[in-house]
Amino acid sequence: MSPDDHSFSPSTKAKADQAGITIVPSVCPHDCTSTCALEVERLDSKRIGRVRGSQRNDYTAGVICEKVARYAERIHHPDRLMKPLRRVGPKGSKQFAEISWSDALDIVAEQFIAKAALHGSETIWPYYYAGTMGLVQRDGINRLRHEMKYSRWFSTICVTLSDTGWIAGVGAKRGADVREVDQHSDLVVIWGGNPVNTQVNVMTHAMKAKKRGAKLVVVDPYRTGTAEQADVHLAVRPGTDGALAVAVMHVLFKEGYADWDYLRKYTDAPDELAAHVATRTPEWAAKITGLSVEEIVSFARMYGQAKAAFIRCHHGFSRSRNGAANMHAVTSLPAVTGAWKVKGGGALYGHTGMYPIKKTLIEGLDMIDTSVRELDQSRLGPILTGDAAALNNGPPVTGMLIQNTNPAMVCPELQLVHKGFKRDDLFVCVHEQFMTETAAYADIVLPATMFLEHDDFYTASGHTFFQVTKAVIDAPGECRENHYVISELAKRLGAKHRGFDMTPWEIMDESLKASGMWDAETNWSKGGQDFHLGFETSHFLDGFVWPDKKFRFKPDWAAYGPRGKEMPVLPDHFDVIDNATDEKPFRLVAAPARTFLNSTFTETPSSQKREVRPTAMMNPEDCVALGLVEGDRVEVGNERGKTIVNARPKAGQQRGVVVVEGIWPNRDFETGIGINAVTSADPGWPNGGAVFHDTAVWIRKLS
């Protein structure tokens, strides 16, 4: 099917009552699957006004989150970094002196060359993540990595577990289009996410269905803003989603809701699955999930009776040791009922597997040497403190270039992370927009552009558009884009790749043409290229993405990692989570806040005002048992660390479940260290992944 031509011409004339304002198109770069199409008020060459959602993209449909709507507050923040800095005091002291760009980059290159001469090239570890989702400005760091044979990158902090679980059954990261639910779904299930906080556009489409009479079910350990909008909220214990899904399948088979014609044609082992789930009763699942038998059976019947049931799977699955198994179990549901057969039915986790974009030029994929060790980004603490296994028995990491992430706040096992950053032999260059807590540990800090100040292009995961952007305003001060830093360092390090000699626009244009996509100018002028695959392909009616074209109830887990052989053969509850104990009776979920996005927006006054302070939301009965009232100080801790927050009784979660929303700056905690002091850097099954929602803790009332 040819991509749809969604023509869009950017407006060059301001409204009559907005003299001097030009409306310019852009795309949100932040780490959310929505990748919203934007319209930005350009006041002049250096300043913006309001940011709004664009109608040119019918997934965004004019709606964006409150964080990005107030982006002027962030881009024009008085605390933005404007000049390169060199550390002159102790690490973490924020004592810096201004330095020229040339001198700063010379120092970085000299340090990297000297450390590589001492320990080998693997001692340098370029470290990045998704502060921007733009492919040039985010991923260009890998071109330098591969050319210089610096330690390779195992990206685990966000989607590894959920990606693995989805692909294990379906075969590719794509699915049905959320836009279908507007007119066609009669049941929408939001599972493992809180789009009111994190992906507002999902709620836009879900609420259109609900207003039309569709039922909305939310599966989440606590009563989120999304759950408040639902007809049914299933407050499972953290990490037990697989048990719920399997018990639902038990009812579907037992009560005749399974579509055997579909199962025979499109799935690999329907008879084995039916026999297996016959032993996984609602009574069995109730003991694991904490839900009642009635809740489980009622939901199963609602799902089985729906003519067009749509499941929107979210990233909560990617935060638990058994997240891949849980995701796979949930994706098995539409394969049992044949919900994929109808418009408005099936499921979606993400669409990034559908884009044909070739990344060789962007990332220097033609230069990869697989003999160079690969380090797990989520295990930064063990890596920086010399754990031999985490280092793959290689040399210590003694040099880092950090872009697009703030690991001193967002990584698990923060005490180890901070200890590692304080090492005298570790040289760190941080390219950032603000003096983050990671930047405070750096030897060189470089001022970075924001998305409205550079060119880039974006895949999406929540929708099917590929979008190109141009800079809207000039960069302030001496801020420079990521591509500039990578290219200038390459010159000083002797790295040879033609991508270092190209502009971002040239890289984009050549990559798009090599991929058989619209060129950059055409994509920008038309407002993005829609890669919707059509109903049959997006619903896998022409087969799932395996040689036999069948959904896999029996994944080859061992193909994804050595620990795959330990995982269940068929969908099940995989009990490898950090279960509560007498010493640590609570299970902690470190969930996203509404007006923060990981550590981004924690600097904006409106976000700080709305979020107030770090807070532990607890079942009211747990609060009574501990003698807690609203606002009491409590210590949250385990063997990895501890911190102090304020308690808040909150209905809608089970006893023993505690939720702390938002990755708050460490400075906002009495202890000087945030909630990730207690989260674990243990890898999930089968092939790694961070486990931020899989944490057993104690809660102690403080005077």
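Everything below is about the structure shown above.
Anyway, here's the lowdown on the structure attached to this text. The structure presented is a predicted model; accordingly, all values stated were derived computationally and were not measured. (Residues numbered from 1 in each chain as written. Predicted model: local features only at pLDDT ≥ 70, side-chain atom pairs only at ≥ 80, totals over all residues. Heavy atoms only, no water.)

## Points about the state of the cysteines
In a disulfide, the sulfur atoms of two cysteines are covalently bonded to one another.
Stage number 1. Under the criterion given, the structure shown has zero disulfides.
Stage number 2. There is no disulfide at C65, and the cysteine sulfur nearest it, in C28, is 6.2 Å away.
Stage number 3. With no disulfide of its own, C313 lies 15 Å from the sulfur of C158, the closest cysteine sulfur.
Stage number 4. Overall, the relative accessible area of 0% leaves C313 in the buried class. (Disulfide = S-S within 2.5 Å. Buried < 20%, exposed > 50% of the residue type's maximum accessible area, 1.4 Å probe, protein only.)

## A closer look at the packing of aromatic side chains
The geometry of an aromatic ring pair is captured by two quantities: the separation of the ring centres and the angle between the planes.
Stage number 1. Under the definition given, this model contains 26 aromatic pairs.
Stage number 2. Note on F457 and F466: the rings are 5.2 Å apart at their centroids and 80 degrees apart in plane angle, and the pair reads as edge-to-face.
Stage number 3. Taken together, W340, F540, F544, F551 and F553 form an aromatic cluster joined through their ring pairs.
Stage number 4. We note R74 situated over the ring of F601; from NZ or CZ to the ring centre the distance is 5.6 Å. (Phe/Tyr/Trp six-rings, centres within 6.5 Å; stacked < 30°, edge-to-face > 60°. Lys NZ or Arg CZ within 6 Å of the ring centre and 35° of its normal.)

## Some points on helix α3 (residues 101–119)
Stage number 1. For α3, which comprises 19 residues, the first-to-last C-alpha distance of 27 Å matches the rise-based estimate of 27 Å (1.5 Å per residue) to within 8%.
Stage number 2. Turning to α3, its buried residues are W101, A104, L105, V108, A109, F112 and K115. Viewed end-on, α3 has its buried residues packed into an arc of 135 degrees, placing them on one side of the element. Facing away from the buried side of α3, by more than 90 degrees, are the exposed residues E110, A117 and L118.
Stage number 3. Turning to α3, the residues buried within the fold contact β14 (399–403), β15 (427–432), β16 (444–447) and α21 (482–493).
Stage number 4. A positive phi of about 95 degrees marks G120, the residue just after α3. (Helix = DSSP H or I, 4+ residues; strand = E, 2+ residues; numbered from the N terminus. Expected span 1.5 Å × (residues − 1). Arc of directions from axis to C-beta. Contact = heavy atoms within 4.5 Å.)

## Digging into the sheet that holds strand β24 (residues 657–660)
By definition, the strands of a sheet pair up through backbone hydrogen bonds, in either a parallel or an antiparallel sense.
Stage number 1. Strand order in the closed barrel made by the six strands is β20-β24-β21-β23-β22-β25, with mixed pairing throughout. Adjacent strand axes in the sheet meet at a mean angle of 45 degrees, parallel and antiparallel pairs treated alike.
Stage number 2. Bridging between strand β20 (residues 586–589) and β24 involves three bridges; their strand directions are parallel. Each residue of the ladder has a partner; that of L588, found in β24, is V658. (Pairing = 2+ DSSP bridges. Axes fitted to C-alpha atoms, helices over the stretch in contact; angles between N-to-C directions.)

## Some details on the pattern of salt bridges
Side chains bearing opposite charge may pair, as long as their charged atoms lie close to each other.
Stage number 1. Applying the stated criterion to the full structure yields 45 salt bridges.
Stage number 2. E478 is paired through a salt bridge with K83; the nearest N and O atoms lie 2.9 Å apart. Taken together, the positions of E478 in the loop between β18 (465–469) and α21 and K83 in the loop between α2 (71–75) and β4 (85–87) put the pair 395 residues apart, joining distant regions of the chain.
Stage number 3. Exposure remark for E478: the relative accessible area of 24% places this residue in the partly exposed category. (Salt bridge = Lys/Arg side-chain N within 4 Å of Asp/Glu carboxyl O.)

## A short note on the sheet that holds β16
Stage number 1. Reading across from one edge, β5-β4-β16-β15-β14-β6 is the order of the six strands in this open sheet, with mixed pairing throughout. Edge positions in the sheet fall to β5 (96–98) and β6 (127–128), since each of these pairs with one other strand and no more.

## A closer look at unusual backbone geometry
Residues apart from glycine generally show negative phi values, whereas peptide bonds are mostly found in trans.
Stage number 1. Residue P686 is reached from W685 by a cis peptide bond, and omega for that bond is 5 degrees.
Stage number 2. Topologically, P686 is positioned in the loop between β24 and β25 (695–701).
Stage number 3. In this model, F601 sits at a positive phi of 75 degrees, which is unusual for a non-glycine residue.
Stage number 4. Within the secondary structure, F601 sits in the loop between β20 and α25 (605–611).

## Observations concerning the pairing of strand β11 (residues 309–313)
Stage number 1. In terms of burial, β11 is a largely internal element, five of the five residues being buried.
Stage number 2. Judged by which residues are buried, β11 turns out to be covered on both faces: A309, I311 and C313 on one side and F310 and R312 on the other are all buried.
Stage number 3. Pairing analysis gives five bridges linking strand β8 (residues 187–191) to β11, with the strands arranged parallel. Across the sheet, I190 pairs through a bridge with R312, a residue of β11.
Stage number 4. Relative to strand β12 (residues 346–348), β11 runs parallel, the two being bridged by three bridges.

## Some points on helix α5 (residues 141–148)
Turn by turn, an α-helix covers 3.6 residues, leaving residues three or four places apart pointing in a common direction.
Stage number 1. Within α5, eight of the eight residues are buried, which leaves it mostly tucked inside the rest of the structure.
Stage number 2. Looking only at α5, the buried set comprises I141, N142, R143, L144, R145, H146, E147 and M148.
Stage number 3. Just past α5, the residue K149 takes up positive phi, approximately 60 degrees.

## Let's talk about the pairing of strand β23 (residues 641–649)
Stage number 1. For strand β21 (residues 615–618) and β23, the ladder comprises four bridges, and the chain directions are parallel. Residue pairing in the sheet places T615 in a bridge with N646 of β23.
Stage number 2. Of the pairings in the sheet, the one linking strand β22 (residues 633–638) to β23 comprises six bridges and is antiparallel in character. Among the inter-strand pairings, V636 is bridged to a residue of β23, identified as T643.

## Describing the nonpolar core
Stage number 1. W191, L244, I311, L333 and F544 are the most contacted members of the largest nonpolar core, which has 74 residues in total.
Stage number 2. The greatest single-element share of this core, amounting to nine residues, is contributed by helix α10 (residues 241–254).
Stage number 3. By size, the runner-up hydrophobic cluster in this structure holds 60 residues, among which are L391, A490, I673 and A677. (Core = buried A, V, L, I, M, F, W, Y, C linked by side-chain atoms within 4.5 Å.)

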